[in-house]
Amino acid sequence: MPLTIALPLAAAPTISIMDISTEYIKKRFDEFNRLCFDGSLPQPTFRLSNVKTYLGQMRRQQLSSPWEHRHVRYVLTINTRYQLAPREIEDVILHEMIHYYIMVNGIGDTSAHGPHFRHIMDRINRQYGRDISISSRAAHLTDDRPQHRRWQVLCLIRFSSDSLGVICPALTRLGDIWRQLQRTPGISSCQWYQSDDPFFDRYPRSRSLRVFRITEAEAHAHLSSAHTMQKVGNQLRVID
């Protein structure tokens, strides 16, 4: 079954796919802090990264002022390089929050993911139905992700010359791209789809009007199982 989505077509700020932002991380942190840690965790610094090695990271930084007064800062970093479902992102945040809880409470553990970490992880997974895992490394995505079928939105464009093009917009730029297509001359039709065919993974998530050529045969073969989408009010919805 396709994902149930209704994507606002209004202009959106330029942020990473899946709306990962420091504001998003802070909101989830505050929610999980109240729910899972009794609101005991002081708010850290939130950062984004784009790296190949990890999905999330919790660091303790020792800082010095110009007068040599030393203080500690905790930094929670979430990687925006990989496309993850919202629930997966939440589990990464929770993983790092467990590390944070152990740090600020001075809990000694035998390793980074020792018995204390595993005890807290198992409690949260059991009590709140989460899927937090031991590893927040991203190395496994190199092999597993190409086989992982994820839903994405795309537009098949037919030009007046009868040639075809495809664009896979970044979801945060969908509204802008939709409006640009309406204003672009030489386009006879635009049909939007939601597809989980890995064929479309080869196309970048466009933040501007970047259209790529596609043949009739490719479109027919790889859109046969896609779900048609239609603009309803200010949203783009699956209609079949």
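Nothing here was measured: the structure is a model prediction, and the numbers come from that model.

What counts and how
- Residues numbered from 1 in each chain as written.
- Predicted model: local features only at pLDDT ≥ 70, side-chain atom pairs only at ≥ 80, totals over all residues.
- Heavy atoms only, no water.
- Phe/Tyr/Trp six-rings, centres within 6.5 Å; stacked < 30°, edge-to-face > 60°.
- Buried < 20%, exposed > 50% of the residue type's maximum accessible area, 1.4 Å probe, protein only.
- Lys NZ or Arg CZ within 6 Å of the ring centre and 35° of its normal.
- Salt bridge = Lys/Arg side-chain N within 4 Å of Asp/Glu carboxyl O.
- Helix = DSSP H or I, 4+ residues; strand = E, 2+ residues; numbered from the N terminus.
- Contact = heavy atoms within 4.5 Å.
- Polar contact = N/O pair within 3.5 Å; in protein donor to acceptor, adjacent residues only side chain to side chain.
- Axes fitted to C-alpha atoms, helices over the stretch in contact; angles between N-to-C directions.
- Parallel < 35°, antiparallel > 145°, perpendicular 65-115°, else oblique.
- Left-handed = near helix turned anticlockwise from the far one by under 90°.
- Nonpolar A, V, L, I, M, F, W, Y, C, P; charged D, E, K, R; others polar.
- pLDDT = per-residue confidence, 0-100.

As for the packing of aromatic side chains
Argument step 1. On inspection of all chains with the given rule, the structure shows 8 aromatic pairs.
Argument step 2. On the basis of an interplanar angle of 90° and a centroid distance of 5.1 Å, the ring pair of Phe199 and Phe200 is categorised as edge-to-face. For the pair shown, Phe199 and Phe200 are each scored as buried.
Argument step 3. When the centroid spacing of 6.3 Å and the interplanar angle of 35° are considered together, the rings of Phe200 and Tyr203 count as tilted. A single burial state applies to Phe200 and to Tyr203, both of which are buried.
Argument step 4. Through pairs of rings, three or more aromatic residues link up here, namely Phe29, Phe46, Tyr74 and Tyr100.
Argument step 5. In this arrangement the basic side chain of Arg28 is found over the ring face of Tyr24, its NZ or CZ atom lying 5.4 Å from the centre.
Argument step 6. Here the guanidinium or amino end of Arg213 rests over the ring plane of Phe159, the centre of that ring lying 5.3 Å away.

Some remarks on the pattern of salt bridges
Argument step 1. Within the structure shown, the criterion is met by 11 salt bridges.
Argument step 2. Its salt-bridge partner being Glu31, residue Arg28 comes within 2.8 Å of it at the nearest N-O pair. Here Arg28 pairs with Glu31, and both are found in helix H1 (residues 22-36), just 3 residues apart, close to one helical turn.
Argument step 3. You can call Arg28 buried: its relative accessible area is 12%.
Argument step 4. Here Arg130 ties to Asp91 by a salt bridge, and the two come within 2.9 Å at their closest N and O atoms.

A short note on the environment of Gly165
Argument step 1. Tracing the sequence through the fold places Gly165 in strand S6 (residues 164-169).
Argument step 2. Accessibility expressed as a relative area gives 0% for Gly165, which makes it buried.
Argument step 3. Between the C-alpha atom of Gly165 and that of Ile214, which follows or precedes it by 49 residues, the distance is 5.2 Å.
Argument step 4. Residues contacting Gly165, with those up to four places away along its chain left out, are Cys155, Leu156, Ile157, Phe159, Val211, Phe212, Arg213 and Ile214.

Some points on unusual backbone geometry
Argument step 1. Of note in this structure, Asp38 is not a glycine but carries a positive phi near 55°.
Argument step 2. Following the sequence through the fold, Asp38 ends up in the loop between H1 and strand S2 (45-49).
Argument step 3. For Asp162, which is not glycine, the phi torsion reads 75° and is therefore positive.
Argument step 4. Position of Asp162 among the secondary structure elements: in the loop between strand S5 (152-159) and S6.

A few points about the side chain of Asn125
Argument step 1. Tracing the backbone through its elements, the reader meets Asn125 in helix H3 (residues 115-128).
Argument step 2. Residue Asn125 is classed as buried on the basis of its relative accessible area of 17%.
Argument step 3. Within the structure, Asn125 has its side chain in polar contact with the backbone nitrogen of Ile132 (distance 2.9 Å).
Argument step 4. Excluding anything up to four places from it in sequence, Asn125 contacts Arg130, Asp131 and Ile132.

A few points about the packing of H1 against helix H2 (residues 86-104)
Each pair of packed helices can be summarised by the angle the axes make with each other and by the distance between the axes.
Argument step 1. With their axes 10 Å apart at the nearest point, H1 and H2 run at an angle of 60° to one another. Between H1 and H2, the crossing angle belongs to the class labelled oblique. In this structure, H1 meets H2 at a crossing whose hand is right-handed. Mapping the contact onto sequence places Tyr24, Ile25, Arg28, Phe29, Phe32, Asn33 and Cys36 in H1 and Pro86, Ile89, Glu90, Ile93, Leu94, Met97 and Tyr100 in H2.
Argument step 2. Of the residues contributing to the contact of H1 with H2, the split by class is 11 nonpolar, 1 polar and 2 charged.

Comments concerning the confidence of the model for the protein chain
Argument step 1. On average, residues of the protein chain score 81 in pLDDT, and 82% of them are at 70 or above.
Argument step 2. H1 holds the highest mean pLDDT among the elements of the protein chain, 94, whereas strand S1 (residues 6-8) holds the lowest, 40.
Argument step 3. Note that pLDDT drops below 50 for residues 1-18; the model gives that stretch 50 contacts with residues more than four away or on any other chain.
Argument step 4. Confidence drops under a pLDDT of 50 for residues 142-148, and excluding neighbours within four residues, the segment shows 7 contacts in the predicted structure.

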